[in-house]
2 protein chains.
Amino acid sequence: MHSERVASRSAEPRDPRDSREPRNGSPQPDAVSLAIIEQLQEDGRRPYAAIGKAVGLSEAAVRQRVQKLLDQGVMQIVAVTDPLTVGFRRQAMVGINADGDLEPVADALTAMPEVEYVVMTAGSFDILAEIVCEDDDHLLDVINKRIRVLPGVRSTESFVYLKLKKQTYMWGTR
Amino acid sequence: MHSERVASRSAEPRDPRDSREPRNGSPQPDAVSLAIIEQLQEDGRRPYAAIGKAVGLSEAAVRQRVQKLLDQGVMQIVAVTDPLTVGFRRQAMVGINADGDLEPVADALTAMPEVEYVVMTAGSFDILAEIVCEDDDHLLDVINKRIRVLPGVRSTESFVYLKLKKQTYMWGTR
DNA sequence: TCCCAGTCTGCGGATTTCGCAGTTATGGGA
DNA sequence: TCCCATAACTGCGAAATCCGCAGACTGGGA
């Protein structure tokens, strides 16, 4: 039954456009690793043997690949919740405009524990940051006293969450 | 096998104001369950026995509570990645303004596989939606042909992702 | 007081994880 | 082309974990 071995490594094209991605040294996962990630996006606790059966590898091989993906930071296996249902009362997306290099601003945001998500964007905001707080006072404090005073920050605009409708991590499976 | 459940939580079928819930089924997990969630936010594969030691319960009790949290849709255990590092080339946040009831618009967005995140907000956008696509054409198609034509949608504004700086799921631990 | 539903504990048996040694494939370099 | 170093995969036994179940405990409500 080895007639159909999955092209496991560099035998496969691995996408011609991946020439630039030298950023953090984390290479593009190949097709098999993507399949493993998909399995774990469906159920983060799925046994390695079951994953192996699905992607055509032995249990040990899956285990080694998962460990490598975790070590490289390509993937994390975690519990996710809707913060609004577990005690956090105020959540907001904040659009930020800043002068000059955005990196220091983004790094400062990243360092804040209330900030869960930071992304640099093209468009009328330079940075989007998602904030999770316990109440209005807390939220106001973070935005007003900690974000708006960061060097370079020119303006902010806040979008307070009213209801989370969808939160998926299964983009690979469609 | 494992619990194949977990998946079908996207549309949030539960009404937040539902009246009948015995005790623990409430939208507010108790302190012990929150502690369990925190453990699993650090490592989604942490053994039940280790969690039990950390929160002061037996292995079996932890297992039962985790299963209930999963069944209730309070929490999911999944693999998360930065889509930009695993093959998806274009990602964007889209701010949407619409007329009248926003629910149908939000539901339509929720039904789209490229839409990973939908939240109704207060502020100059009514809805924020995060979109994951394979390339520019795909992204344009989703925004232009599928979102902007939804009944009630008045306008959209897109923020294309340049670099994801932070993505955390450990708000509980601080 | 009795009953009931919900939760916890303890405990085997089944399953999974883990570490390791051996084998195979890949990519250069001489 | 040959050969070696590295990386990846497999198989397997031991240890750890998961899982289902039965019994005990608890806090209301009738």
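Check the entry above for the structure.
To start, this report covers the structure provided alongside it. (Residues numbered from 1 in each chain as written. Chains lettered and ligands numbered in written order. Predicted model: local features only at pLDDT ≥ 70, side-chain atom pairs only at ≥ 80, totals over all residues. Heavy atoms only, no water.)

### Examining the pattern of salt bridges
Part 1 of the reasoning: The full count for this structure, using the stated rule, is 18 salt bridges over all chains.
Part 2 of the reasoning: Across the pair Glu59(B) and Arg63(B) runs a salt bridge, and its minimum N-O distance is 3.1 Å. Placement of the pair is Glu59(B) and Arg63(B) together in helix 3 (residues 59-72), with a separation of four residues, close to one helical turn.
Part 3 of the reasoning: On the basis of relative accessible area, Glu59(B) is assigned to the partly exposed category, the value being 34%.
Part 4 of the reasoning: When the shortest N-O distance is used, the salt bridge between Asp141(B) and Arg146(B) registers 3.7 Å.
Part 5 of the reasoning: The network of salt bridges with common partners includes Glu103(A), Asp107(A) and Lys165(B). (Salt bridge = Lys/Arg side-chain N within 4 Å of Asp/Glu carboxyl O. Helix = DSSP H or I, 4+ residues; strand = E, 2+ residues; numbered from the N terminus. Buried < 20%, exposed > 50% of the residue type's maximum accessible area, 1.4 Å probe, protein only.)

### Some remarks on the relation of the copies chain A and chain B
Both copies of the chain are related by one operation, a rotation about an axis with a shift along it.
Part 1 of the reasoning: If you rotate chain A by 180° and push it 0.0 Å along the axis, it lands on chain B with an RMSD of 0.1 Å. In symmetry terms, the pair is related by a two-fold rotation axis.
Part 2 of the reasoning: Interface overlap between copies is the fraction of interface residues in one copy that are interface residues in the other; for chain A against chain B it reaches 92%, indicating a shared surface. (Least-squares fit on C-alpha atoms with pLDDT ≥ 70 in both. Contact = heavy atoms within 4.5 Å.)

### What about the environment of Gln72(A)?
All names here are of chain A.
Part 1 of the reasoning: With respect to the secondary-structure elements, glutamine 72 resides in helix 3 (residues 59-72).
Part 2 of the reasoning: On the basis of relative accessible area, glutamine 72 is assigned to the partly exposed category, the value being 35%.
Part 3 of the reasoning: The spatial distance from the C-alpha of glutamine 72 to the C-alpha of alanine 108 is 24 Å, given a sequence separation of 36 residues.

### Considering the interface of chain A and chain B
Part 1 of the reasoning: Listed as interface residues are 72 residues of chain A and, on the opposing side, 79 residues of chain B.
Part 2 of the reasoning: Between chain A and chain B, a total of about 7,000 Å² is buried, with carbon and sulfur atoms accounting for 53% of that surface.
Part 3 of the reasoning: Our count for the contact surface shared by chain A and chain B stands at four salt bridges.
Part 4 of the reasoning: Here chain A is connected to chain B by 37 residue pairs in polar contact (both at pLDDT 80 or more).
Part 5 of the reasoning: For the side of chain A that touches chain B, the elements supplying multiple residues, two or more each, are helix 1 (31-42), helix 2 (48-55), strand 1 (75-81), strand 2 (90-98), helix 4 (103-110), strand 3 (115-122), strand 4 (127-133) and strand 5 (153-167) of chain A.
Part 6 of the reasoning: In terms of residue count, the dominant contributor to the side of chain A that touches chain B is strand 5 of chain A (eleven residues).
Part 7 of the reasoning: Grouping the amino acids of the side of chain A that touches chain B by side-chain chemistry returns 37 nonpolar, 15 polar and 20 charged.
Part 8 of the reasoning: Relative to strand 1 (residues 75-81) of chain B, strand 1 of chain A is paired through seven bridges, and the arrangement is antiparallel. Of the residues in strand 1 of chain B, the one forming a bridge with Met75(A) is Thr81(B). (Buried area = accessible area lost by both parts, 1.4 Å probe. Polar contact = N/O pair within 3.5 Å; in protein donor to acceptor, adjacent residues only side chain to side chain. Nonpolar A, V, L, I, M, F, W, Y, C, P; charged D, E, K, R; others polar. Pairing = 2+ DSSP bridges.)

### Describing the packing of aromatic side chains
Part 1 of the reasoning: Inspection of every chain in the model, using the stated rule, returns five aromatic pairs over all chains.
Part 2 of the reasoning: Aromatic pair Phe125(A) and Phe159(A): ring centres 6.3 Å apart, planes at 75°, arrangement edge-to-face. Of the two residues, Phe125(A) sits in the loop between strand 3 and strand 4 while Phe159(A) sits in strand 5, which places them 34 residues apart along the sequence. Phe159(A) carries the same exposure label as Phe125(A), and that label is buried.
Part 3 of the reasoning: Connected via pairs of aromatic rings, a cluster forms that spans Phe125(A), Phe159(A), Phe125(B) and Phe159(B). (Phe/Tyr/Trp six-rings, centres within 6.5 Å; stacked < 30°, edge-to-face > 60°.)

### Some points on the nonpolar core
Part 1 of the reasoning: Formed by 30 residues in total, the largest nonpolar core has its most connected members in Ile36(A), Leu40(A), Met75(A), Leu40(B), Val66(B), Met75(B) and Ile77(B).
Part 2 of the reasoning: Broken down by secondary-structure element, the contributors of at least two residues to this core are helix 1, helix 2, helix 3 and strand 1 of chain A together with helix 1 (31-42), helix 2 (48-55), helix 3 and strand 1 of chain B.
Part 3 of the reasoning: Filtering out sequence-adjacent residues up to four positions away, Met75(A) remains in contact with Ile37(A), Leu40(A), Val66(A), Leu69(A), Leu70(A), Ala79(B), Val80(B) and Thr81(B). (Core = buried A, V, L, I, M, F, W, Y, C linked by side-chain atoms within 4.5 Å.)

Take it as geometry only, folks, not as evidence of what the structure does.
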